[in-house]
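Here are the chains, one letter per residue:
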Amino acid sequence: MNYHPIRLIFATLAVALISGCATTSDDWHGDFVQSINEDGSNPYIRDPVMQDLEKRIRDITRAKLQIEPPFNSTFDPRNQAILNNFQSEYDHTTLLRDIDLARAGFPAAVAAYYPTMENQTDCRITDHSAHFRNLDTEPTRFTWQFVRGSCANGVAQGIAEAKAAQSGARFVGRFEQGVMTEGIFTMLREDGTRVVQIGGIPSDARPARLLSSQLHTNGYQNYYYGDFNDQGKPDGFSMRLSKHTQSMVVQYVGHFSQGEMNGFAARQKQFDYKGGRFKAVWIGHYQNGLLNGAGAWTNGLDRLVVGQWKGGKQHGIGFEESVFHFGDYSHDFMAGRYVEGKKQGWFNVRTRGLIGDGTEYRDQYDNGRWVADDRENIDIEFGQITALAAGAAVISSADIDGASKAAIGGAFMTDVMTDGSTGQMRSLQGSYDAELERSRAKANASASTPAPAASTTPPASSGAATKGAPTKQPPDGTGNAQTQPKTTTQISTPPSPKVDFACTFYSKKQCDEYIMDDKGQIDDMKTLCFQSFGNVEASCRQEAPSCSYRTSWGLKIAYAYYSDNFYFKQSCIDGGGELR
């Protein structure tokens, strides 16, 4: 994945603002899961099919891979999460029981399924075409001899036992008019691998559901479970499982036709990443063994994708979610178009992190490589980088909680990047001061103490503020603290000034309108909006509390669209703005 320099700088600074970072696969997985749980789903996904796939791949990602007992004999959370997508296709209890019986061996499996059997011996087996799943180099059909069991008119009928000279093959199961229909089969391969098959016997007329187990001399085990045709190929619902010495692994599961995944299915494959070996999971709609249509993928560590696929590659609209390994402070959501597995064109990006939390912008890609973004005119000077790094070190060493570090870090970054013109630190300080004052007022409700009086005297005008600082009072019954007026700067503006442009911010929770004294500066201010991770629009929706500020370049009117706007109102008053 290619990240542009600005985001790499932000990510690097984020490391300095948190205590520690992920260094192991467990840490990476833990960080990713924490981000998934805290930040919600990809906001760009609206289609119900994609939302369903996102939920499935997120559930798989949340589940942890584990190799210690008891997961050497059953499925760990990750592999069980994969199988949970196919619960309606098979009986999980029956699968686990048959696996245990295959491990116990042929005699134990026979005793469990066919504890009693008749002792007739003079019977015939009329059909020898029964197919048993095996390697191409090993026999799959046998010339059977009747041993004992139940017969009718000299032909095997009911439960009976048979054997064959090839590979020491044995069978106990049900016969219908001399034809094997279901039972337990075993043989020994030339390499010493024991094969045990439990379940139905496929014929040329129909597939059969069965479990074929391969128990190798080194302890490695393979299990093929599901519907198989008389050529030994999966045809219907099927899965392949493997058991290492310490874990049970799902290699593939889902719908098959003539040996290829066709329909809804999932597979898991090992891959090399950052010096280790891990397992990635694909799930979705397959055609001839490859993802085609809606699908999803995760590496289980720091990235997952949902979207359209063609020929096993992302092709069409895609949605990506990823984290840097810095806890939950750098979590990206993306949406855009893929061509033959590579990003192409503009991608919407929404970032949630310690530096630039809640920012939204666009990245441009060409043949999978990042080439630009819609904030390309951001000019990060060396002095700004130094200031950010120094500020990060100070904030990270402060004895405050992580949420406060995140809020201060975000405000500090914005002020440094905009030379302080956005006043984010001042606004945040006003909010904290207001909260502190409210806490004091609540603790001393019977005798609140006013702050020192301000020395500024407002000019006489209609609606001019009263001299003096605000005195906090107990809540007024609506949950909002009562505030006496404070000195504000009188703003001389026309009754209905024409707005030059507006700058809206993440999730439309705040919008700023700009009325410029010098119209030649409009383009520069729009650039500043982009630098602050906002979107330029014609105007704001005005059915919300607003705060007007007179600045060196003109008038700014900020609107707050979130329900709890006490801090917005208080910071407006404390910052010398006019609240409406």
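Thresholds applied
Residues numbered from 1 in each chain as written. Predicted model: local features only at pLDDT ≥ 70, side-chain atom pairs only at ≥ 80, totals over all residues. Heavy atoms only, no water. Helix = DSSP H or I, 4+ residues; strand = E, 2+ residues; numbered from the N terminus. Contact = heavy atoms within 4.5 Å. Areas by Shrake-Rupley, 256 points an atom, 1.4 Å probe, with all protein chains shown as cover. Pairing = 2+ DSSP bridges. Expected span 1.5 Å × (residues − 1). Buried < 20%, exposed > 50% of the residue type's maximum accessible area, 1.4 Å probe, protein only. Arc of directions from axis to C-beta. Axes fitted to C-alpha atoms, helices over the stretch in contact; angles between N-to-C directions. Parallel < 35°, antiparallel > 145°, perpendicular 65-115°, else oblique. Left-handed = near helix turned anticlockwise from the far one by under 90°. Nonpolar A, V, L, I, M, F, W, Y, C, P; charged D, E, K, R; others polar. Salt bridge = Lys/Arg side-chain N within 4 Å of Asp/Glu carboxyl O. pLDDT = per-residue confidence, 0-100. Core = buried A, V, L, I, M, F, W, Y, C linked by side-chain atoms within 4.5 Å. Phe/Tyr/Trp six-rings, centres within 6.5 Å; stacked < 30°, edge-to-face > 60°. Disulfide = S-S within 2.5 Å.

1. Observations concerning the overall build of the chain
Right, on to step 1. Helix and strand content of the chain: 11 helices and 26 strands.
Right, on to step 2. For the chain, restricting intrachain contacts to residue pairs at least 6 apart in sequence, the fraction spanning at least 24 positions comes to 48%.
Right, on to step 3. When the accessible area of the chain is evaluated, it comes to approximately 27200 Å², of which 50% is carbon and sulfur surface.

2. Topic: the sheet that holds strand E25 (residues 554–560)
Right, on to step 1. Strand order in the open sheet formed by 6 strands is E23-E21-E22-E25-E24-E26, and the pairing between neighbours is antiparallel. Each of the sheet's edge strands pairs with one partner strand only, and the pair in question is strand E23 (535–537) and strand E26 (578–579).
Right, on to step 2. Pairing of strand E24 (residues 546–550) with E26 involves 2 bridges; the strand directions are antiparallel. What sits directly across from Cys 547, in E26, is Leu 579.

3. Quick word on helix H5 (residues 92–104)
Because each turn of an α-helix spans 3.6 residues, side chains separated by three or four positions in sequence point in the same direction.
Right, on to step 1. The end-to-end C-alpha distance of H5, which contains 13 residues, comes to 19 Å, matching closely the 18 Å that a straight helix rising 1.5 Å per residue would cover.
Right, on to step 2. Listed in full, the buried residues belonging to H5 are Leu 95, Asp 98, Ile 99, Leu 101 and Ala 102. Seen end-on, H5 carries its buried residues on one side only, within an arc spanning 165 degrees. Exposed side chains of H5 directed beyond 90 degrees from the buried face belong to Thr 93 and Ala 104.
Right, on to step 3. Looking at the buried side of H5, the elements it contacts are helix H6 (106–113), strand E5 (194–200), strand E6 (208–215), strand E7 (221–228), strand E8 (234–243) and strand E9 (248–257).
Right, on to step 4. Gly 105 sits one or two positions beyond H5 and adopts a positive phi of about 115 degrees.

4. Points about the environment of Val 196
Right, on to step 1. By secondary structure assignment, the location of Val 196 is in strand E5.
Right, on to step 2. Val 196 sits 87 residues away from Ala 109 along the chain, and the two C-alpha atoms are 9.2 Å apart.
Right, on to step 3. Beyond its immediate sequence surroundings of up to four residues, Val 196 is in contact with Ala 102, Phe 185, Thr 186, Leu 211, Ser 212, Ser 213 and Leu 215.

5. Re the side chain of Ser 213
Right, on to step 1. Topologically, Ser 213 is positioned in strand E6.
Right, on to step 2. In this structure, Ser 213 is in contact with Ala 102, Arg 194, Val 195, Val 196, Asn 222 and Tyr 223, ignoring residues within four places of it in sequence.

6. Side note on the packing of helix H2 (residues 25–39) against helix H3 (residues 48–62)
Right, on to step 1. Remark: H2 packs on H3, axes separated minimally by 9 Å, with the N-to-C direction vectors making an angle of 140 degrees. Between H2 and H3, the angle is such that the two are oblique. Helix-helix and strand crossings are classified by hand; for H2 and H3 the assignment is left-handed. Facing H2, whose interface residues are His 29, Phe 32, Val 33, Ile 36 and Asn 37, H3 presents Arg 58, Thr 61 and Arg 62.
Right, on to step 2. Here the contact of H2 with H3 is composed, by residue class, of 3 nonpolar, 3 polar and 2 charged.

7. Considering the pattern of salt bridges
Opposite charge on two side chains permits them to pair, given that their charged atoms come into close proximity.
Right, on to step 1. Within the structure shown, the criterion is met by 18 salt bridges.
Right, on to step 2. Here Glu 54 and Arg 58 are joined by a salt bridge, their closest N and O atoms 3.8 Å apart. Linking Glu 54 with Arg 58, this pair stays in helix H3, spanning 4 residues, or about one helical turn. Comparing Glu 54 with Arg 58, the two get one shared label, buried.
Right, on to step 3. A single salt-bridge network, built from bridges that share partners, covers Glu 54, Arg 58 and Glu 321.

8. As for unusual backbone geometry
Right, on to step 1. Of note, the phi angle at Gln 177 is positive, near 50 degrees, even though the residue is not glycine.
Right, on to step 2. Topologically, Gln 177 is positioned in the loop between strand E3 (170–176) and strand E4 (179–188).
Right, on to step 3. Judged by its relative accessible area of 64%, Gln 177 is exposed.
Right, on to step 4. Positive phi, normally seen in glycine, also occurs at Gln 258, with a value near 50 degrees.
Right, on to step 5. Tracing the backbone through its elements, the reader meets Gln 258 in the loop between E9 and strand E10 (260–273).

9. A word on the confidence of the model for the chain
Right, on to step 1. Averaged over every residue, the pLDDT of the chain is 78; residues scoring 70 or more account for 69%.
Right, on to step 2. Residue range residues 376–386 is modelled with pLDDT below 50. Its contacts to residues more than four positions away, or to other chains, number 15 contacts.
Right, on to step 3. Predicted confidence is poor over residues 446–495, with pLDDT under 50, and the contacts of this stretch with residues over four places away or in other chains come to 79 contacts.

10. Notes on the pairing of E3
Right, on to step 1. Note: strand E2 (residues 155–163) against E3, 6 bridges, orientation antiparallel. Residue Glu 161 lies in a different strand from E3, and its bridge partner there is Val 172.
Right, on to step 2. As consecutive antiparallel partners, E2 and E3 are separated by 6 residues, and within that stretch Ser 167 has a phi angle of approximately 55 degrees, a positive value.
Right, on to step 3. The sheet contact formed by E3 and E4 spans 7 bridges and is antiparallel. Residue pairing in the sheet places Arg 170 in a bridge with Thr 186 of E4.
Right, on to step 4. Hairpin remark: E3 followed by E4, antiparallel, with 2 residues in the connecting loop; positive phi at Gln 177, about 50 degrees.

11. Topic: the nonpolar core
Right, on to step 1. Core analysis: the largest hydrophobic core is formed by 51 residues, its most contacted members being Leu 95, Met 239, Leu 241, Val 253, Ile 283 and Val 306.
Right, on to step 2. Non-local contacts of Leu 95, meaning those with residues more than four positions away in its chain, are made with Tyr 90, Leu 211, Tyr 225, Met 239 and Leu 241.
Right, on to step 3. By size, the runner-up hydrophobic cluster in this structure holds 20 residues, among which are Cys 123, Ala 130, Trp 144 and Val 195.

12. Some points on the packing of aromatic side chains
The description of an aromatic ring pair uses the distance of the two centres, along with the angle that the planes make with each other.
Right, on to step 1. According to the stated counting rule, one finds 20 aromatic pairs in the structure shown.
Right, on to step 2. For the ring pair Phe 347 and Tyr 365, a centre distance of 5.4 Å and an interplane angle of 75 degrees mean the geometry is edge-to-face. Taken together, the positions of Phe 347 in strand E16 (residues 342–353) and Tyr 365 in strand E17 (residues 359–366) put the pair 18 residues apart, joining distant regions of the chain.
Right, on to step 3. The buried category is assigned to Tyr 365, whose relative accessible area is 3%.
Right, on to step 4. Ring plane angle 10 degrees and centroid distance 4.8 Å describe the contact between Phe 501 and Tyr 514, whose orientation is recorded as stacked. Of the two residues, Phe 501 is situated in strand E21 (residues 501–504) and Tyr 514 in strand E22 (residues 510–516); the sequence distance between them amounts to 13 residues. The exposure classification of Phe 501 matches that of Tyr 514, with both residues buried.

13. Quick word on the state of the cysteines
Right, on to step 1. Enumeration over the complete set of coordinates arrives at 3 disulfides.
Right, on to step 2. A sulfur-sulfur distance of 1.3 Å marks the disulfide that ties Cys 123 to Cys 151. Linking Cys 123 and Cys 151, the disulfide has an S-S dihedral of approximately 120 degrees and is accordingly described as right-handed. One end of the pair, Cys 123, is in the loop between H6 and strand E1 (145–152); the other, Cys 151, is in strand E1, with 28 residues separating them in the sequence.
Right, on to step 3. Exposure remark for Cys 123: the relative accessible area of 11% places this residue in the buried category.

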